Structure formats: C-alpha cells, structure tokens
Amino acid sequence: LIEPHSKVADCAGKQITFADGSAAEIDQVILCTGYHRNFSFLPDYDTSIYQHYLFLFNNDDPSLALLGFARPVVTSIPFMTEQQVRLVANVFAGRVPLPDKDVRTREIATDAATMAARYSDTSMRADGLVDPMWYTRRVSSFAGAFPNFYKLFFKHPLICLRLLRLPAHGALFTVNAAMNNKRHLQQIAATIGRLSPFTLMEPPMFAL
C-alpha cells in the first residue's frame with residue numbers, strides 16, 4: 001500500500017516525521033535525484049547532448065541518433081520525443097536529407113550557445129535542457145511536420161481557427177499529411193478537443 005505524505009520534516013533512524021505532524025517507520029529511503037547516462041553499448045561515449053546536431057544526431061556519424069535525451073524545461077519529454085522520432089524516421093528513410101557536416105557544426109555551436117544563454121542562471125545539471133516550444137518547432141519543421149496553418153486557413157478556415165485555440169498535442173503534427181482530407185482534419189480537431197486545456201501543461205499551439 002502506497003500512501004502519499006507531505007514533505008519530510010525529520011529523520012531519526014527508521015522514524016520519519018512529516019511536515020503535517022504524522023510519522024511512519026520506514027525501512028528504505030529512495031532518493032530520486034536524477035540519473036547519469038550510461039551507454040554501455042558505446043564504450044567511452046560521453047558526448048554532450050548539446051554537441052549533437054539538433055540535440056539528436058551524432059555529428060561525426062549521423063546514423064547514430066539519441067532520442068529522448070533533450071530535456072524540456074517544462075512540459076513532457078514524450079511530447080518532444082515524438083517529433084524526434086518523426087524526424088529520425090524521415091532522415092533514415094532518405095526522405096529528409098541532413099545538411100553537410102560543416103553546416104551542422106555551425107548550427108550545433110549556435111544552438112548550444114542559445115540554450116546556454118537562455119539558461120545561464122540555472123545549474124545546468126540536466127544536460128540537454130531546451131526550450132520545448134522552440135525545440136519542437138525546430139525539429140518538426142525540419143521533418144516537414146510542423147502544421148502549415150497558413151495553407152490550412154485557406155483550405156479549411158473553421159478547422160484552422162479551432163486548432164489554433166486548442167493546446168499543443170502530438171496529433172497536430174499530422175495536419176500537413178491530412179491537408180486534403182477534411183474528415184481526417186475534423187478527427188484531429190475532435191481528438192484534441194476532448195482534452196481540457198486546464199489539465200494540460202502544454203500551451204496553445206499558436207505559442208509554437
């Protein structure tokens with residue numbers, strides 16, 4: 001049986017006292033302080049996420065992609081990782097070419113400097129900390145999946161206006177593929193519309 005408690009006020013042996021005055025005898029205490037990356041299948045690989053192209057592709061060998069290691073300062077890792085998966089699939093399938101290494105190197109330096117400046121007042125304990133809206137737009141645009149609201153407005157104005165009022169959601173990144181299928185677009189809007197914006201961390205899509 002797991003029972004939630006308020007924060008810990010005191011520890012004395014196995015006796016734990018909580019801030020609300022309650023107490024409990026605890027056998028084991030697990031400190032959830034984070035984790036260290038360990039690529040046991042890649043001996044001595046310790047390249048910072050910031051030194052990967054788009055915080056994703058190894059610059060020397062882009063056939064190596066590390067998904068899910070860019071860390072959003074807010075929102076969720078899966079929200080960003082879904083766009084990483086889409087981009088990696090397109091790159092590996094040959095549908096989206098990566099730029100030459102010299103171009104990647106310059107962009108890596110620029111992106112790393114941008115994030116370092118943006119989070120200069122943090123401890124930077126989490127390697128790969130990124131602005132999720134900036135990053136999601138950058139990755140999904142590269143993959144051709146960032147919704148083209150301009151085109152959508154002229155084809156389906158009411159659906160476009162409805163989607164712009166809804167929170168960011170993975171289904172929005174299928175809009176371009178459904179551009180000529182009104183029924184599919186309506187299904188996308190209905191799917192996201194079932195989610196109350198008050199229960200989501202993600203901001204409205206236009207913030208992207």
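Reading the values: the criteria
Residues numbered from 1 in each chain as written. Predicted model: local features only at pLDDT ≥ 70, side-chain atom pairs only at ≥ 80, totals over all residues. Heavy atoms only, no water. Core = buried A, V, L, I, M, F, W, Y, C linked by side-chain atoms within 4.5 Å. Buried < 20%, exposed > 50% of the residue type's maximum accessible area, 1.4 Å probe, protein only. Helix = DSSP H or I, 4+ residues; strand = E, 2+ residues; numbered from the N terminus. Polar contact = N/O pair within 3.5 Å; in protein donor to acceptor, adjacent residues only side chain to side chain. Expected span 1.5 Å × (residues − 1). Contact = heavy atoms within 4.5 Å. Pairing = 2+ DSSP bridges. Axes fitted to C-alpha atoms, helices over the stretch in contact; angles between N-to-C directions. Patch = residues over 30% accessible without salt bridge, like charges linked within 9 Å, V, L, I, M, F, W, Y side chains within 5 Å. Areas by Shrake-Rupley, 256 points an atom, 1.4 Å probe, with all protein chains shown as cover. Salt bridge = Lys/Arg side-chain N within 4 Å of Asp/Glu carboxyl O. Phe/Tyr/Trp six-rings, centres within 6.5 Å; stacked < 30°, edge-to-face > 60°.

A. Broad picture of the nonpolar core. Core analysis: the biggest nonpolar cluster contains 28 residues, and F55, L56, F57, L87, V130 and Y135 have the highest contact counts within it. Residue assignment for this core shows that the elements contributing at least two residues are α1 (77-92), α2 (101-118), β5 (129-130) and α3 (132-142). Of all hydrophobic cores here, the second largest spans 15 residues; its members include C160, L166, L172 and A178.

B. Region of interest: the side chain of S140. Structurally, the position occupied by S140 is in helix α3. Exposure remark for S140: the relative accessible area of 1% places this residue in the buried category. In this structure the side chain of S140 is engaged in a polar contact, spanning 2.7 Å, whose partner is the backbone oxygen of T136.

C. Broad picture of helix α6 (residues 182-193). Under the 1.5 Å per step criterion, the end-to-end length of α6 is 16 Å for 12 residues, consistent within 8% with the ideal 16 Å. The secondary structure elements touched by the buried residues of α6 are α4 (149-155) and α5 (157-165).

D. Up close: the sheet that holds strand β1 (residues 8-12). Overall, antiparallel pairing links the 3 strands, which are arranged β1-β2-β3 in an open sheet. In the strand order of this sheet, the two ends are held by β1 and β3 (23-25), each with one partner. Across the sheet, the axes of successive neighbouring strands diverge by a mean angle of 20 degrees, strand direction being ignored. The sheet contact formed by β1 and strand β2 (residues 15-18) spans 4 bridges and is antiparallel.

E. Representation of a nonpolar patch on the surface. Together, Y150, F153, F154, L158 and L161 give the surface a local cluster of nonpolar side chains, amounting to about 630 Å² of exposed area. Every element with two or more residues in the nonpolar patch is listed here: α4 and α5. One can find Y150 in helix α4.

F. Highlighting the packing of aromatic side chains. Using the criterion set out here, one finds 10 aromatic pairs in the structure. Aromatic side chains F55 and W134 sit 6.3 Å apart centroid to centroid with 45 degrees between the ring planes, which places their arrangement in the tilted category. Within this pair, whereas F55 is found in the loop between β3 and β4 (71-72), its partner W134 is found in helix α3, the two being separated by 79 residues in sequence. Take F55: its relative accessible area is 1%, and that puts it in the buried class. Between Y150 and F154 the ring centres are 5.1 Å apart and the planes differ by 65 degrees, which places this aromatic pair in the edge-to-face class. On the criterion of helical spacing, the pair formed by Y150 and F154 is a turn pair, its members being 4 residues apart in helix α4. Among the residues examined, Y150 registers a relative accessible area of 64% and is labelled exposed. By relative accessible area, which is 58% here, F154 ends up exposed.

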